[in-house]
Amino acid sequence: MVKIDNIELPDFPLLLAPMEDVSDPPFRALCKEQGADVVYTEFVSSEGLIRNAAKSVMKLDIYEKERPVGIQIFGANLDSMLQTIDIVSASKPDIIDINFGCPVKKVVSKGAGAGILKDICLMEQLTAEMVKRTNIPVTVKTRLGWDHDSIKIVEVAERLQDVGCKAIAIHGRTRAQMYKGDADWKPIAEVKNNPRMHIPVFGNGDITSPEKAMEMRDSYGLDGAMIGRASIGNPWFFKQVKHFFKTGEHLAPITLEERVDAARRHLQMAIDWKGEILGVFETRRHYTNYFKGIPHFKEYRMKMVTSDDSKDVFAAFDEVLEKFAGHQFTE
Ligand SMILES: Cc1cc2nc3c(=O)[nH]c(=O)nc-3n(C[C@H](O)[C@H](O)[C@H](O)COP(=O)(O)O)c2cc1C
């Protein structure tokens, strides 16, 4: 069993990664139903939250059915981050995760996200103060280092643990790499193999298949896997990995009915959460992935992504069910 503070998780838990504009409540709910053991919100700006910016505040919406759920925050100013902890704690997440890994220029230039990898003392201090401020377990998501020449992740992880961080998720790339090259899991394994480490160490980056997840578990000995891009349009990825772990075989491809059901529920949950207009608009980007591989799908996709009325989108789903009944997906 793996524990994040008092949160008990199964062996080698699968975590849904925080992803901006992706990891919202409907998507998190679908991933949770399909086997994600922990889900995270997309990152929430501390500066936005303390100014009560509507967009940031909405990101704090969490639902009972998704627990355990982590709210991820980012920022570099101690005062703002402490106020943020108070605001976030009121939403009662199971975990508060600090983003020390975002490589985007506008975040890094303010010293936040991966920017903090240039100042490990500040990283340690921020974490220590945030841990002191709340009873909710604080965890960290970060990268290997700023660049190839400054990878000190073993030392960094130990220092974060020593100031009370309850788990660490490490993306096996440096900030300089952004998303280029392959994720390197070896330095993450070194963190795990440090005999002083006792908090869970989760690996992240390029888990694109059940085989890759198994490799992370068996060859790198990590405590669990955090999965991002492979779940986009494929919330079933979690159950596919778990099935593979259990049987050594791939789960049968997801059927058309399951895909339509997910698309329907995704849309309905989005409407329930943020209303008809935003719900219809913001769910559009998911359909292409749900129905990937169906030939001559354009006409239906166009209906789904151009209709402003949810009734028309739901009708398009019904049409798809009828028109493509029996279509065999290959994956
Ligand atoms: C669209 C998108 C949005 C992301 N947003 C966040 C974020 O808000 N916070 C964060 O820590 N990482 C974010 N990431 C990084 C992912 O959490 C993850 O570390 C990265 O994608 C590598 O994992 P993967 O190969 O499984 O996708 C984002 C990644 C993508 C693709």
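Residues numbered from 1 in each chain as written. Predicted model: local features only at pLDDT ≥ 70, side-chain atom pairs only at ≥ 80, totals over all residues. Heavy atoms only, no water.

What's the story with the UniProt feature "domain: DUS-like FMN-binding" (unreviewed entry) in the chain in this structure? I'm lost.
In the numbering adopted here, UniProt assigns the feature "domain: DUS-like FMN-binding" (unreviewed entry) to residues 15-313. The span residues 15-313 is 45% helix and 13% strand, and its two end C-alpha atoms sit 31 Å from each other. (UniProt positions renumbered as here; feature names shortened; annotations may be inferred. Helix = DSSP H or I, 4+ residues; strand = E, 2+ residues; numbered from the N terminus.)

What should I look at first to understand the sheet that holds strand 8 (residues 168-171) in this one?
Strand pairing in a sheet is mediated by backbone hydrogen bonds. Such pairs are either parallel or antiparallel. Taken in spatial order, the eight strands line up as 3-4-5-6-7-8-9-10 and close into a barrel, and their pairing is parallel. The mean angle between the axes of side-by-side strands here comes to 25°, regardless of whether they run parallel or antiparallel. Two elements, strand 5 (residues 69-74) and strand 6 (residues 95-100), share four bridges in a ladder whose sense is parallel. Opposite Gln 72, over in strand 6, you have Asp 97 as the bridge partner. Lying over the sheet, helix 4 (residues 78-90) contacts strand 5 and strand 6, oriented at roughly 155° with respect to strand 5. Sitting on the sheet, helix 6 (residues 120-133) touches strand 5, strand 6 and strand 7 (138-143), and the angle it makes with strand 6 is about 165°. (Pairing = 2+ DSSP bridges. Axes fitted to C-alpha atoms, helices over the stretch in contact; angles between N-to-C directions. Contact = heavy atoms within 4.5 Å.)

Looking at this model, I keep getting lost on the side chain of Glu 66. Mind explaining?
With respect to the helices and strands, Glu 66 occurs in the loop between helix 3 (54-58) and strand 5. Residue Glu 66 is classed as buried on the basis of its relative accessible area, which comes to 1%. Within the structure, the side chain of Glu 66 is placed 2.5 Å from the side chain of Arg 28, a separation counted as a polar contact. Here Glu 66 is in contact with Pro 25, Arg 28, Lys 32, Val 39 and Asp 61, once residues within four sequence places are set aside. (Buried < 20%, exposed > 50% of the residue type's maximum accessible area, 1.4 Å probe, protein only. Polar contact = N/O pair within 3.5 Å; in protein donor to acceptor, adjacent residues only side chain to side chain.)

How do you make sense of the site of the ligand when you look at a structure like this?
In the vicinity of the ligand lie 16 residues, with Glu 20, Gln 72, Asn 204, Asp 206 and Arg 229 positioned nearest. A distance of 3.1 Å is found between an oxygen atom of the ligand and a backbone nitrogen or oxygen belonging to Phe 43. Within the side chain of Asn 99, an N or O atom sits 3.1 Å from an oxygen atom of the ligand. Its residues placed into classes, the shell around the ligand shows six nonpolar, six polar and four charged. (Near = heavy atom within 4 Å. Nonpolar A, V, L, I, M, F, W, Y, C, P; charged D, E, K, R; others polar.)

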